[in-house]
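Chain by chain, the residues:
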Amino acid sequence: MALIGIDVSRYQGNIDWNQVKNSGISFAMLRGGYGQNNIDPFFHQNAAACRKFGIPFGIYWFSYAYNTQMAVQEAEYCTTLAKQYPVTWPLAYDLEYDTVRYAAQKGVTINKNLATDMVMAFCSRIKASGYIPMYYSNLDYYHRMFDTGRLPYDLWFAQYASEPSITGMAMWQYTSTGSVPGVSGDCDKNYSYKDYGKPSPSPGPSVPDEYTVQPGDTLSEIALRFGTTVSRLVQLNGISDPDRIYPGQQLKLSSASQSGSQYYTIRPGDTLSGIAARYGTTVSRLQSLNNISDPDKIYAGTKIRIN
């Protein structure tokens, strides 16, 4: 007997996952993001709620890759998200018409061979990371864009019909206009012919002492993800404006981190003067704290002490 699930992204907005669970939905596929590490703004909210209400879930990444190296990088973005949650369902590669259009704008024609190579690149990296790989396809791309004989991975097949035109898929997305309690408006619904299991029960998520802010993060999402509150994070980190946090900023998540020091991971394009202005300190102070001899020579990926 097939399991019934949904797939969602930012376009479903705020979801009442308790209602979703009580309606009989058995699993969810959440959009992690798209392209070059553009995280879906509702991903962490949805993932934390699925964990809270015991809904097993997987992640899909909408691809804007136009070579295999980019596809591998998208797999890395996807697994980075998965590592933050007890994910047991597949991590899926989603190559669609918009992927092909975007590549054409970049002067690249995605043909059957390249599309298949990118699926292989993404899925092999997912598998090497210890997760279950999957790829998504509609009927048109199944016949025209993917060499399925070269793809030993689970297929998530999309066809809005009373019966699918093919067999052997692991999941079938059978409608884009489903109605599910707790979800406003239309929702994609799926049958899964495999049960990928539930996370092992645990006393709760493992919470690190510190967290590095990622692009697109908000303080409220970080609080939800790690089971704390915005006011607690504000207090621990001396934050004056909870609406202003920055990629690379190091946040204390618990009082276990007692050093009183604040750190920042340098990102491409940063300057020491810009970092100093952001944190209300001076370039000379940052040089002194971090033994920086030349303030014009700082390197992305280096963690520096702020105070």
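One can find the structure itself at the top, above this paragraph.
Residues numbered from 1 in each chain as written. Predicted model: local features only at pLDDT ≥ 70, side-chain atom pairs only at ≥ 80, totals over all residues. Heavy atoms only, no water.

Our next topic: the overall build of the protein chain. Scanning the protein chain for helices and strands turns up 10 helices and 13 strands. Overall, the C-alpha framework of the protein chain stretches about 65 × 45 × 30 Å when taken along its three principal axes. The long-range share in the protein chain, meaning contacts at least 24 apart out of those at least 6 apart in sequence, stands at 60%. By element, 47% of the accessible surface of the protein chain is carried by carbon and sulfur atoms, the whole surface being about 14600 Å². Within the protein chain, one finds 26 positive and 25 negative side-chain charges whose respective centroids are separated by 6 Å. (Helix = DSSP H or I, 4+ residues; strand = E, 2+ residues; numbered from the N terminus. Contact = heavy atoms within 4.5 Å. Areas by Shrake-Rupley, 256 points an atom, 1.4 Å probe, with all protein chains shown as cover. Lys, Arg positive; Asp, Glu negative; His and termini not counted. Charge placed at Lys NZ, Arg CZ, Asp CG, Glu CD.)

Here we take up helix H3 (residues 68-82). Side chains of residues three or four places apart in an α-helix project in the same direction, reflecting 3.6 residues per turn. With 15 residues, H3 should cover 21 Å at 1.5 Å per step; its first-to-last C-alpha distance of 21 Å lies within 8% of that length. Residues of H3 that are buried: Met70, Ala71, Glu74, Ala75, Tyr77, Cys78, Thr79, Leu81 and Ala82. On the buried face of H3, the contacting elements are strand S2 (27-34), strand S3 (38-39), helix H2 (43-53), strand S4 (57-62), strand S5 (91-94) and helix H5 (112-128). The distance from a side-chain oxygen at the start of H3 to the backbone nitrogen of glutamine 69 is 3.1 Å, and the residue carrying that oxygen is asparagine 67. (Expected span 1.5 Å × (residues − 1). Buried < 20%, exposed > 50% of the residue type's maximum accessible area, 1.4 Å probe, protein only. Polar contact = N/O pair within 3.5 Å; in protein donor to acceptor, adjacent residues only side chain to side chain.)

This part is about the environment of glutamine 250. Its location among the elements puts glutamine 250 in strand S11 (residues 250-252). On a C-alpha basis, the gap between glutamine 250 and aspartate 188 in space is 37 Å, while along the polypeptide they are 62 residues apart. Setting aside residues up to four positions removed in sequence, glutamine 250 forms contacts with Glu210, Tyr211, Thr212, Asn237, Gln262, Tyr263, Thr265 and Lys303.

What follows is about the environment of serine 179. Mapped onto the secondary structure, serine 179 falls in the loop between strand S8 (171-178) and strand S9 (187-192). On the basis of relative accessibility, which here comes to 64%, the residue serine 179 falls in the exposed class. A C-alpha to C-alpha distance of 37 Å links serine 179 and isoleucine 245, two positions 66 residues apart in sequence.

Moving on: the pairing of strand S7 (residues 154-158). Summarising burial for S7: five of the five residues are buried, a large majority. Across the two faces of S7 the burial is the same, with Asp154, Trp156 and Ala158 and Leu155 and Phe157 all buried. Relative to S7, strand S6 (residues 133-138) is paired through five bridges, and the arrangement is parallel. Its bridge partner being in S7, tyrosine 135 is matched across the sheet by leucine 155. Taken together, S6, helix H6 (residues 139-144) and S7 constitute a β-α-β crossover, and its handedness is right-handed. (Pairing = 2+ DSSP bridges. Right-handed = clockwise from strand over helix to strand, strands pointing away.)

With that settled, consider the packing of aromatic side chains. Under the counting rule described, the total for this entry stands at 19 aromatic pairs. When the centroid spacing of 6.2 Å and the interplanar angle of 75° are considered together, the rings of tyrosine 34 and tyrosine 64 count as edge-to-face. With tyrosine 34 in strand S2 and tyrosine 64 in the loop between S4 and H3, the pair connects residues that are 30 residues apart, well separated along the chain. Judged by relative accessible area, tyrosine 34 falls into the partly exposed class, the value being 27%. When the centroid spacing of 5.7 Å and the interplanar angle of 85° are considered together, the rings of phenylalanine 43 and tyrosine 85 count as edge-to-face. Taken together, the positions of phenylalanine 43 in helix H2 and tyrosine 85 in the loop between H3 and S5 put the pair 42 residues apart, joining distant regions of the chain. Classification of phenylalanine 43 as buried rests on a relative accessible area of 1%. Overall, tyrosine 85 belongs to the buried group, its relative accessible area being 6%. (Phe/Tyr/Trp six-rings, centres within 6.5 Å; stacked < 30°, edge-to-face > 60°.)

For the rest of this paragraph, the subject is the environment of leucine 219. Relative to the helices and strands, leucine 219 resides in helix H7 (residues 219-225). For the pair leucine 219 and isoleucine 132, spaced 87 residues apart in sequence, the C-alpha to C-alpha distance is 31 Å. If near-sequence neighbours (up to four positions away) are discounted, leucine 219 is found in contact with Val230, Leu233, Val234, Ile239, Pro242, Ile245 and Leu251.

What follows concerns the state of the cysteines. With the rule as written, the count across this model stands at zero disulfides. In this structure cysteine 123 is not part of a disulfide, and its nearest cysteine sulfur, from cysteine 78, lies 10 Å away. (Disulfide = S-S within 2.5 Å.)

Moving on to the pairing of S5. The alternating pattern of S5 places Leu91 and Tyr93 and Ala92 and Asp94 on opposite faces, both of which are buried. The handedness of the S4 to S5 crossover, carried by H3, is right-handed.

On to the nonpolar core, then. In summary, soluble globular proteins display a tendency toward joint burial of nonpolar side chains. Grouped together as the largest cluster of nonpolar side chains are 56 residues, with contacts concentrated most on Ile6 and Trp17. By residue number, the principal contributor to this core is H5, which donates eight residues. Not counting residues up to four positions away in its chain, the partners in contact with tryptophan 17 are Ile6, Val8, Ala28, Leu30, Asn46, Ala49, Cys50, Phe53 and Ile55. Counting residues in hydrophobic clusters, the runner-up holds 12 residues, among them Met29, Trp89, Ala92 and Trp156. (Core = buried A, V, L, I, M, F, W, Y, C linked by side-chain atoms within 4.5 Å.)

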